[in-house]
Amino acid sequence: MILAIDIGNTTVGLCGLEGGSVCFEAHLDTTPQRSAAEYRLSMRGAFSACGLGDSPRFEGAVLTSVVPSLTPVLCSCAAEFSQNPPLVAHAGLASGLRLGISQTGTLGMDRLADAAAAAEYYPLPVITVDMGTATTFNVVDRDRVFRGGAIAPGLLTGLNALHEKTAQLPLLEPETPRQAIGTDTTQCILSGTVCGAAALIDGMAARFEEELGEPAHLVLTGGLSRWAAPLCRHPLTRDEHLLVKGLALLYRLNR
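Residues numbered from 1 in each chain as written. Predicted model: local features only at pLDDT ≥ 70, side-chain atom pairs only at ≥ 80, totals over all residues. Heavy atoms only, no water.

A. Expanded view of the pattern of salt bridges. Summed over the entire model, instances satisfying the criterion amount to 7 salt bridges. The residue arginine 255 makes a salt bridge to glutamate 59 at a minimum N-O spacing of 3.0 Å. Pair noted here: arginine 255 is in the segment after α7 (242-254) and glutamate 59 is in the loop between α1 (36-49) and β4 (60-65), with a separation of 196 residues, a long-range link. According to the relative accessible area criterion, glutamate 59 is partly exposed, its value standing at 31%. Salt bridges sharing partners connect three or more residues here, namely Arg40, Arg44 and Glu80. (Salt bridge = Lys/Arg side-chain N within 4 Å of Asp/Glu carboxyl O. Helix = DSSP H or I, 4+ residues; strand = E, 2+ residues; numbered from the N terminus. Buried < 20%, exposed > 50% of the residue type's maximum accessible area, 1.4 Å probe, protein only.)

Given below as structure tokens:
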């Protein structure tokens, strides 16, 4: 089993994968101030809660991170539970894709993992949308070339900003609104953020397809995608484990 660790801005995801199947999943809070010893203790608790005991040994471990200060911290933790040295994802790894972008060094490895998994498991061309703190779009053409994409503020980021930057708007948890025309403040905010996210996805997918010159398969992932997916009009697949599948694929290609 491979341990995949996704260090995000809000949570650290831990997943065990055999092939393309997820065997367990757990989440820890992203806290840059925590030490390796503190994270190691939390990981032991998470593994134990998943029925693995507090000291499982994985064949290998692979990490992606959008929080650079936590990368060496979690890498040292992963080494304790892995039979082989952990692999930290970077743009120089084999991914099964050719990179058709000008600045490969700035490509987020969460985006590369999403794109690699989508190209491996779904028809090409393919568009991925990862809905987390940011909403990231990736485009892979039929020749397995990563063409780039887009980055937008995430759904929760928008909800939080409305509350923090205004005097009267409440802080809301996301949910799928019943209709687009809101009849009170709560419904108006949910329409603007959640329906707005779905409209963003549909609109960006249409623009990407226009530039590709052909239709593309659309794959949504990320925890917040469950609220927007039902409102999207473009046919889509929702794969909540796309990123960790991509990490496991990177490990297999580069071990």
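B. The arrangement of unusual backbone geometry in detail. Put simply, leucine 124 and proline 125 share a cis peptide bond, and its omega is -5°. Among the secondary structure elements, proline 125 is positioned in the loop between α3 (109-121) and β7 (126-131). Of note in the backbone geometry, arginine 144 takes a positive phi value of approximately 65° without being a glycine. By the secondary structure assignment, arginine 144 is in the loop between β8 (134-140) and β9 (145-153). A relative accessible area of 27% means that arginine 144 is categorised as partly exposed.

C. Expanded view of the pairing of β8. Within β8, 6 of the 7 residues are buried, leaving the element largely enclosed by the surrounding structure. Alignment of β7 against β8, held across 6 bridges, turns out to be antiparallel. Its bridge partner lying in β8, threonine 128 is registered against asparagine 138. Linkage of β7 to β8, two consecutive antiparallel strands, is achieved through a turn of 2 residues. By the bridge criterion, 7 bridges tie β8 to β9 in an arrangement that is antiparallel. Bridge pairing links threonine 135 to alanine 152 in β9. Counting the residues that bridge the hairpin from β8 to β9 gives 4 residues, and of these arginine 144 lies at a positive phi of roughly 65°. (Pairing = 2+ DSSP bridges.)

D. Region of interest: the side chain of aspartate 110. Here aspartate 110 is to be found in helix α3. It is arginine 111 that comes nearest to the buried, bridge-free aspartate 110 among opposite-charge side chains, at 6.2 Å. Contacts of aspartate 110, omitting those with residues within four sequence positions, involve Thr64, Val66 and Leu243. (Lys, Arg positive; Asp, Glu negative; His and termini not counted. Contact = heavy atoms within 4.5 Å.)

E. Spotlight on the packing of α3 against α7. Following both chains from N to C, one finds α3 and α7 inclined at 85°, their axes separated by 7 Å at the closest point. Of the possible angle classes, the one that applies to α3 and α7 is roughly perpendicular. Residue-level inspection shows Asp110, Ala113, Asp114, Ala116, Ala117, Ala118, Glu120 and Tyr121 of α3 in contact with α7, the latter providing Leu242, Leu243, Lys245, Gly246, Leu247, Leu249, Leu250 and Arg252. Of the residues belonging to the contact of α3 with α7, the class tally is 10 nonpolar, 1 polar and 5 charged. (Axes fitted to C-alpha atoms, helices over the stretch in contact; angles between N-to-C directions. Parallel < 35°, antiparallel > 145°, perpendicular 65-115°, else oblique. Nonpolar A, V, L, I, M, F, W, Y, C, P; charged D, E, K, R; others polar.)

F. Fine view of the sheet that holds strand β11 (residues 237-238). The 6 strands lie next to each other as β6-β9-β8-β7-β10-β11, forming an open sheet whose pairing is mixed. The sheet terminates laterally at β6 (98-99) and β11, the two strands that pair on one side only.

G. Fine view of the layout of surface pockets. The volume enclosed by the largest pocket comes to roughly 950 Å³. For the largest pocket, the lining is made up of 35 residues, of which Thr11, Met131, Gly132, Gly222 and Gly223 are closest to its centre. Among the elements of the structure, β1 (2-7), β2 (11-18), β3 (21-29), β7, β8, α4 (155-164), α6 (225-228) and α7 are those that each provide at least two residues to the lining of the largest pocket. Of all the elements, β2 adds the most residues to the lining of the largest pocket, at 4 residues. Counted by class, the lining of the largest pocket contains 13 nonpolar, 15 polar and 7 charged residues. (1 Å grid on protein atoms, 1.4 Å probe; cavity = no way out; pocket = protein on both sides within 12 Å on 5 of 7 lines; lining within 4 Å. Points joined across faces, edges and corners; volume = space filled by probe spheres on them.)

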